[in-house]
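Survey of secondary and tertiary structure
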Amino acid sequence: MKYSQEAVNAAYSVIESRRQDALSTYDAHVANIKKKHPEIYGIFVDISKTSSKLAKVIFSKDKDGKPLVNVSEAVEKIKNENLENQEKLKNALIAFGYPDDYLTVKYTCPICGDTGIHLGNRCKCAEELMTSFTISKLNEQCKIKLHSFSEFDLSFYPETYQINGTTYSCRDRMAEILNFCIGYANGFSDGSQSLFMLGKTGLGKTFLSSCIANELISKGVNVAFDSIQNYLRYIESEHFGRAEGDTLELLLNAELLILDDLGCEFKSSFNSATIYNLINSRCNMGKPTIVSSNLSINELSERYDDRIISRLIGNYRTLRFIGEDIRQIKRREGIFN
């Protein structure tokens, strides 16, 4: 995936900061042990000389270029001494109340040692940081306000609500959905299920989606959240060369993708194909997605390919929102926030 230079610079700035923090902590630990426990420090110094001891044995030659000692025996002896010293060091540290790895550099990424490079390529940690930075920039363009679950007011939902002559326990239904969403955010993981939020406009689908997004973003999860209309506009502009970027790739790889207001976008073959690509690809990758729509299943079926509907119904947990348009209720009561 292509990243902007700004994203690359931001990622490697974080990585360098992590590396310096790890080394500073390590240096402080070594200084502390040297001052308070010289006997432990002596063992630590002896271990740190292992490489130079091995080099001396391997490269020491007489004037005829022959090894001064039996190299294999000498190397084996040094290795055994090193293992013994490492065990002594761990036991000594534990005896004085320190973790056994107190004198080890603890990098955030043990794969690359906080360099951002592994086997000549960008490390996964650098890719994740660049993706996170780019998604954050993308989210800045989103006009949807983030909310907290504590703001969700069940009093706007009636005790009961009739749909086609059938009476439903509206407030209880919405309380269950609220609690489910809270649990979803608290227990979110790579394996979390995808959600399909259905219901007429003004029933809280976007609100609860924003609560989930807000909760997870605060935990450092890469969440891409916007209306599907906006995302399709970005993707189309990039696809036809009117703008730079790789929004499609970002959305495919976000830890959580929230597509708000399915059905509000302009109907076209390009948009339908892109929507199917997003939904199908993320299903295949096992990545959770939240989709909301004001349309009914029948209305969606008339608008989209059967493959899209099949994925949404078969692979997503459906949450059906019921009640009266809260925006209209607030307007009647003179509440404008």
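Coordinates for the structure precede this section.
Residues numbered from 1 in each chain as written. Predicted model: local features only at pLDDT ≥ 70, side-chain atom pairs only at ≥ 80, totals over all residues. Heavy atoms only, no water.

**Structural notes on the overall build of the protein chain**
For clarity, the cut-off: A run of H or I in DSSP becomes a helix once it reaches four residues, and a run of E becomes a strand once it reaches two; helices and strands are each numbered from the N terminus. The globule rule is 2.2 Å times the number of residues to the power 0.38, and the radius of gyration it is compared with is taken over C-alpha atoms. The classification of residues rests on relative accessible area computed with a 1.4 Å probe and restricted to protein chains. Under 20% of the type maximum is buried, over 50% is exposed, and intermediate values are partly exposed. Residue contacts are defined here by distance: any two heavy atoms, one from each residue, within 4.5 Å place the two residues in contact. In this description, accessible areas are obtained by the Shrake-Rupley approach with a 1.4 Å probe, and a residue is regarded as covered only by the protein chains that are shown.
Helices and strands together make up the secondary structure of the protein chain, namely 13 helices and 9 strands. A globule of 337 residues ought to have a C-alpha radius of gyration of about 20 Å, yet the protein chain, at 29 Å, is considerably larger. Along the first, second and third principal axes, the C-alpha set of the protein chain runs to 100 × 50 × 35 Å. Within the protein chain, buried positions represent 40% of all 337 residues. The long-range share in the protein chain, meaning contacts at least 24 apart out of those at least 6 apart in sequence, stands at 76%. Carbon together with sulfur atoms contributes 50% to the accessible area of the protein chain, which is approximately 18900 Å² in total.

**Observations regarding the packing of helix H2 (residues 38-48) against helix H4 (residues 71-95)**
Defined as follows: Note on geometry: axes are C-alpha line fits, over the in-contact stretch for helices, and angles between N-to-C directions span 0 to 180 degrees. By definition in this entry, angles of less than 35 degrees are roughly parallel, angles greater than 145 are roughly antiparallel, angles of 65 to 115 are roughly perpendicular, and the rest are oblique. Throughout, a crossing is termed right-handed when the near helix is turned clockwise from the far one, and left-handed when it is turned anticlockwise from it by less than a right angle.
Taken N-terminus to C-terminus, the directions of H2 and H4 make an angle of 150°; their axes are 9 Å apart at the nearest point. As judged from the angle between their axes, H2 and H4 are roughly antiparallel. Crossing of H2 over H4 shows left-handed handedness. Residues Ile 40, Ile 43, Phe 44, Asp 46 and Ile 47 of H2 touch H4, and the partners they reach there are Asn 82, Asn 85, Gln 86, Lys 88, Leu 89, Ala 92 and Leu 93.

**Topic: the nonpolar core**
Put simply, the test is: By nonpolar core we mean a set of buried residues, namely Ala, Val, Leu, Ile, Met, Phe, Trp, Tyr and Cys, connected to one another through side-chain atoms within 4.5 Å.
With 32 residues, the main nonpolar core has Ile 212 and Leu 256 as its most contacted residues. At the level of elements, helix H6 (170-186), strand S5 (194-198), helix H7 (205-218), strand S6 (223-227), strand S7 (256-260) and helix H13 (326-332) are the ones that each hand at least two residues to this core. Take this core: its biggest share by element is 8 residues, from H6. Those residues in contact with Leu 256, other than ones at most four positions away along the chain, are Tyr 184, Phe 188, Ile 212, Leu 216, Asn 222, Val 223, Ala 224, Arg 282, Pro 288, Thr 289 and Ile 290. Core analysis: the second largest hydrophobic core is formed by 29 residues, Leu 250, Leu 262, Val 291 and Leu 300 among them.

**Some words on H7**
Condition: A helix is expected to span 1.5 Å for every residue after the first.
Taking 1.5 Å as the rise per residue, H7 with 14 residues should run 20 Å; its terminal C-alpha atoms sit 20 Å apart, in good agreement. On the buried face of H7, the contacting elements are H6, S5, S6, S7 and strand S8 (289-293).

**Some points on the pairing of S6**
What counts here: For two strands to count as paired, DSSP must find a minimum of two bridges between them.
Within S6, 5 of the 5 residues are buried, leaving the element largely enclosed by the surrounding structure. The pairing of S6 with S7 spans 5 bridges and is parallel. Residue pairing across strands places Val 223 opposite Leu 256, the latter belonging to S7.

**Here we look at unusual backbone geometry**
Not every positive phi belongs to a glycine, and Asp 114 is a case in point at roughly 55°. With respect to the helices and strands, Asp 114 occurs in the loop between H4 and strand S1 (117-118).

Keep in mind these numbers describe shape, not what the thing actually does.
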